[in-house]
Amino acid sequence: MREREPSLVHAFRQSTPYVNVHRGATFVLMMGGESIAHPNFANIVSDIALLQTLGIRLVLVFGARPQNDEALSRAGIEAHYHKRVRVTDDPSFALIKQVSGGLQFDITAKLSMGLANTPMQGARISVVSGNFVTAQPLGIDDGVDYCHSGRVRRIDVEGIVRQLDQQNLVLVSPIGCSVTGESFNLTSEEVARRIAVDLKADKLICFSSTQGVLDRQGHAISELFPEQAEELLVALEQAGEEMSGTARYLRAAIASCRGGVPRSHLVSYQEDGAMLQELFSREGLGTQIVRESAERARAATIEDIGGILDLIRPLEEEGILVRRSREQLEMEIDKFTIIERDGLIIGCAALYCFMEEAMAEMACVAIHPEYRNSNRGDQLVAKVAERAKRLGIRQLFVLTTRSIHWFRERGFEPLEVEALPVARQRLYNWQRRSKVLSKTIF
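Residues numbered from 1 in each chain as written. Predicted model: local features only at pLDDT ≥ 70, side-chain atom pairs only at ≥ 80, totals over all residues. Heavy atoms only, no water.

**Section: helix 4 (residues 65-74)**
So, point 1. Restricting attention to buried positions, one finds in helix 4 the residues Arg65, Gln67, Asn68, Ala71 and Leu72. Looking straight down helix 4, one finds its buried side chains confined to an arc of 165 degrees; they lie on one side. The exposed set on the far side of helix 4, more than 90 degrees from its buried face, consists of Ser73 and Arg74.
So, point 2. Each element contacted by the buried residues of helix 4 is listed here: helix 2 (33-37), strand 3 (81-82), strand 4 (85-86), helix 5 (90-111), helix 7 (188-199) and helix 9 (245-258).
So, point 3. In the stretch just after helix 4, glycine 76 is the one whose phi turns positive, near 75 degrees. (Buried < 20%, exposed > 50% of the residue type's maximum accessible area, 1.4 Å probe, protein only. Helix = DSSP H or I, 4+ residues; strand = E, 2+ residues; numbered from the N terminus. Arc of directions from axis to C-beta. Contact = heavy atoms within 4.5 Å.)

**A few points about unusual backbone geometry**
So, point 1. Within the chain, lysine 83 stands out as a residue other than glycine whose phi angle is a positive 55 degrees.
So, point 2. Relative to the helices and strands, lysine 83 resides in the loop between strand 3 and strand 4.
So, point 3. Phi at arginine 84 is positive, roughly 70 degrees, even though this residue is not glycine.

**Points about the side chain of aspartate 304**
So, point 1. Along the chain, the position of aspartate 304 falls in the loop between strand 17 (295-299) and helix 11 (305-317).
So, point 2. Judged by its relative accessible area of 7%, aspartate 304 is buried.
So, point 3. Looking at aspartate 304, its side chain comes within polar contact range of the main-chain nitrogen of threonine 301, at 2.8 Å.
So, point 4. Once you skip the residues sitting within four places of it in the chain, aspartate 304 turns out to touch Arg298, Ala299, Ile338 and Ile345. (Polar contact = N/O pair within 3.5 Å; in protein donor to acceptor, adjacent residues only side chain to side chain.)

**Observations regarding the pairing of strand 18 (residues 336-341)**
So, point 1. In terms of residue burial, strand 18 counts as a mostly covered element, since 6 of its 6 residues are buried.
So, point 2. By the alternation rule, side chains of strand 18 split into Phe336, Ile338 and Glu340 and Thr337, Ile339 and Arg341, which are all buried.
So, point 3. In terms of strand pairing, strand 18 meets strand 19 (residues 344-354) through 6 bridges, oriented antiparallel. The residue bridging glutamate 340 from the neighbouring strand is isoleucine 345, located in strand 19.
So, point 4. Linking strand 18 back to strand 19 in an antiparallel pair, the connection comprises 2 residues, with aspartate 342 at a positive phi of about 50 degrees. (Pairing = 2+ DSSP bridges.)

This is the structure:
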């Protein structure tokens with residue numbers, strides 16, 4: 001008998017909400033030349049094919065910085081930069097156009113594979129390239145002539161949308177054409193950013209050598225607001241890393257978010273499946289820069305009852321929580337505070353007030369199993385305590401049979417049953433013999 005794969009089943013189930021959300025969405029992928037040269041690029045191509053199969057509309061923008069540097073070095077041409085931008089003279093541009101054209105054909109060829117027994121089997125991706133980017137020269141700055149280096153003047157949004165509507169993948173190179181019939185060398189970061197903003201894309205996904213933006217312990221920071229990302233970018237520039245891949249991609253992600261793109265992701269091109277884990281799991285794997293958090297604590301509404309029941313039923317069956325019917329939840333839904341992440345309720349708690357005694361009970365406290373090792377419980381307690389304060393409550397209490405130490409660690413002290421509000425004493429279940437703990441909050 002074949003061995004079962006529960007982890008695979010779990011992954012499929014967890015990814016289902018994201019498959020539904022992403023279907024029909026527009027993603028702009030930004031791949032630097034480093035990612036194309038890496039051995040894992042073949043796996044990234046397979047993942048791109050999977051996204052296309054799932055009905056996601058894709059624009060792939062590629063860069064060629066390391067390939068250009070290598071070609072110029074072989075030709076004995078020294079690379080020159082001014083304010084982080086390559087100065088592209090005539091000899092340099094002749095080689096750069098060759099490199100970009102070659103990469104464009106190589107990427108198209110890899111996206112066209114359909115070998116049996118490979119992830120690309122039956123993919124049949126139609127790749128379209130064209131003059132979707134109109135460029136203009138950078139000109140002269142501080143006496144430095146950028147020559148054939150340019151900036152984006154206009155994106156042919158209608159042309160790109162027309163191709164996406166026909167289920168084509170749009171491949172865009174870092175070479176743009178001008179209205180005068182010239183061509184200019186552009187940065188892939190600017191091209192990707194402008195396309196994402198002008199297309200009103202749902203996501204910009206950038207590939208870097210690290211798994212997103214790392215903290216001091218080397219762990220990926222899962223979520224940043226543009227202001228926080230800006231602070232990290234300044235730190236990178238002060239450390240002399242303004243030309244690093246992470247810094248370049250951070251600039252594009254920050255500008256994209258401020259331009260209206262809801263989420264920009266940074267994932268590693270070195271780790272197999274990094275993009276899929278970032279897109280189809282709740283916790284992700286890299287860093288996303290967002291205009292508003294994917295997770296928020298808020299008051300519950302009647303539409304949340306199903307999610308709350310899914311969260312508390314296992315705890316009720318274990319005897320940790322007192323069972324509540326759907327009807328009871330419907331009547332008491334205004335007392336609940338929830339933590340929601342990407343549409344999933346991962347935490348809940350109810351607040352029952354006894355105004356005469358200025359006391360309130362925090363009840364039905366539950367955290368999703370996958371988030372119990374994080375600080376969501378602390379967030380929930382803080383949110384409920386804040387709500388109680390606004391109502392004039394001075395003392396918050398809980399009744400618990402299993403989480404005594406957890407609450408004690410958060411400042412709750414033992415309380416006698418007789419010290420509870422009279423109305424709550426009448427409801428006390430002496431068979432459960434729950435411990436009473438309280439905390440002064442005002």
